[in-house]
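If you want the building blocks of each chain, they are given just below.
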Amino acid sequence: MLHCGKFQFDLARPLVMGIVNVTPDSFSDGGRHASTAAAIAHAVQLLEDGADILDVGGESTRPGAAEVSEQEELDRVLPVIEGLRGIAVPVSIDTYKPKVMRAALDAGASMVNDINALQKDASLEAVAGSDAAVCLMHKQGAPQTMQQQPQYRDVIAEVSEFLHRRIAAAEAAGIARKRIVIDPGFGFGKTLAHNLDLLRELETFCALGVPVLAGLSRKSMLGAITGRDVNERMTASVAAALLAVQRGAAIVRVHDVRETVDVLKIWNAVNGSNK
Ligand code: YH5
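Keep in mind that what you see is a predicted model, and the values were worked out from it rather than measured.

Parameters at a glance
Residues numbered from 1 in each chain as written. Predicted model: local features only at pLDDT ≥ 70, side-chain atom pairs only at ≥ 80, totals over all residues. Heavy atoms only, no water. Helix = DSSP H or I, 4+ residues; strand = E, 2+ residues; numbered from the N terminus. Buried < 20%, exposed > 50% of the residue type's maximum accessible area, 1.4 Å probe, protein only. Contact = heavy atoms within 4.5 Å. Lys, Arg positive; Asp, Glu negative; His and termini not counted. Charge placed at Lys NZ, Arg CZ, Asp CG, Glu CD. 1 Å grid on protein atoms, 1.4 Å probe; cavity = no way out; pocket = protein on both sides within 12 Å on 5 of 7 lines; lining within 4 Å. Points joined across faces, edges and corners; volume = space filled by probe spheres on them. Nonpolar A, V, L, I, M, F, W, Y, C, P; charged D, E, K, R; others polar. Near = heavy atom within 4 Å. Polar contact = N/O pair within 3.5 Å; in protein donor to acceptor, adjacent residues only side chain to side chain. Areas by Shrake-Rupley, 256 points an atom, 1.4 Å probe, with all protein chains shown as cover. Sits in = over half its atoms within 2 Å of the grid points. Pairing = 2+ DSSP bridges. Axes fitted to C-alpha atoms, helices over the stretch in contact; angles between N-to-C directions.

**Student:** How should the overall build of the protein chain be read in this particular structure?
**Tutor:** A count of helical and extended segments in the protein chain gives ten helices and ten strands. In terms of principal-axis extent, the alpha carbons of the protein chain reach across some 50 × 40 × 40 Å. Taken over 275 residues, the protein chain has a buried fraction of 53%. Long-range contacts, defined here as pairs at least 24 residues apart, represent 67% of the contacts in the protein chain between residues at least 6 apart. Across the protein chain, 28 positive and 33 negative side-chain charges occur, with their mean positions spaced 3 Å apart.

Here it is as structure tokens:
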């Protein structure tokens, strides 16, 4: 069971979280109508494609990406979240900034996707004071430098221990277990070998007793394996999503919602669900 504001999922079948990136406006008129409208239109398309959750983000956390100011991030995401108010699925806010979390929750978001796993007290408080769900993700290092030299004694044990501690911290802050999702954070301070270990052993994280989210879509590890550029990784991405679901993922975070939904329909059919 996952409790997400006014929404509830029984998790009888895997869920697809569609990625909605709000890119900076390239027009120089000072307005934001174009980027806001484009993001809302993309979100509506992903809904039509079968997304169960929409993850709205205003700052890229790809390796090496520049940080965005709090005001800039708010200016990007708030009009989109407001524009999606009343949509049929939960809207998730992809941010590690507590003020952006609060503003997004006030504007109607039902989930917080925090790559920093609520390690800031103000983030814990922002989520605790709502009835939203939260995704607690593992990363090693900061996005700017995390891919320089990722090192682990035992990647599975270390990520698992971290997520276990963050579940405990969230529960201690008043966030009920039924609101918590965990994520090993593919690509966030991990080599290809680490990422493959995490995917192979995903069931270890499922054993922590809360739903597991897997974000593999278009990531560099798929490029490293296939030799394909970021815009040619759809097939590899849906294969990776299916493997994650097969190993127990409850939610997959993807760009290619339509294709992933088709693949998971096959998985659902074979696994006896008729939804
Ligand atoms: C995630 O795994 N990832 S942002 C690099 C790419 C393609 C995509 C080089 N936010 C996750 O999607 N939140 C991001 O090509 C996330 N889990 C959760 N919970 C990075 C991303 C990407 C990076």
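Here the narrative resumes, following the displayed structure.
**Student:** How do you make sense of empty space enclosed by the protein when you look at a structure like this?
**Tutor:** Empty space among the atoms becomes apparent when a probe as large as a water molecule is rolled across them. Inspection of every chain in the model, using the stated rule, returns one cavity of 30 Å³ or more. Considered as a void within the structure, the largest cavity measures approximately 50 Å³ in volume. Around the largest cavity, the lining residues are Glu59, Thr61, Glu73, Asp94, Thr95, Tyr96, Asn113 and Ile115. Taken together, the residues of the lining of the largest cavity break down into two nonpolar, three polar and three charged.

**Student:** When you look at the site of the ligand in this model, what are you seeing that I'm missing?
**Tutor:** Every one of the 18 residues lining the ligand counts as a neighbour, but Asn113, Asp183, Arg218, Lys219 and Arg253 are closest to it. Separating a nitrogen atom of the ligand from a side-chain N or O atom of Asp183 is a distance of 2.5 Å. The separation between an oxygen atom of the ligand and a polar side-chain atom of Arg253 is 3.1 Å. With the chains in place, 92% of the 520 Å² that the ligand exposes on its own is no longer accessible. In this structure, the ligand is accommodated by the largest pocket.

**Student:** Explanation requested: the sheet that holds strand E6 (residues 111-114) in the structure shown.
**Tutor:** Strand-to-strand pairing in sheets goes through backbone hydrogen bonds, with the strands running parallel or antiparallel. The eight strands lie next to each other as E8-E7-E6-E5-E4-E3-E10-E9, forming an open sheet whose pairing is parallel. Across the chains shown, the open sheet's two edge strands, defined by having one partner strand only, are strand E8 (180-183) and strand E9 (213-214). Note: strand E3 (residues 15-21) against strand E4 (residues 53-57), five bridges, orientation parallel. Its bridge partner lying in E4, Met17 is registered against Ile53. Here helix H1 (residues 33-48) sits on the sheet and contacts E3 and E4; the angle it forms with E3, its principal contact strand, is near 165°.

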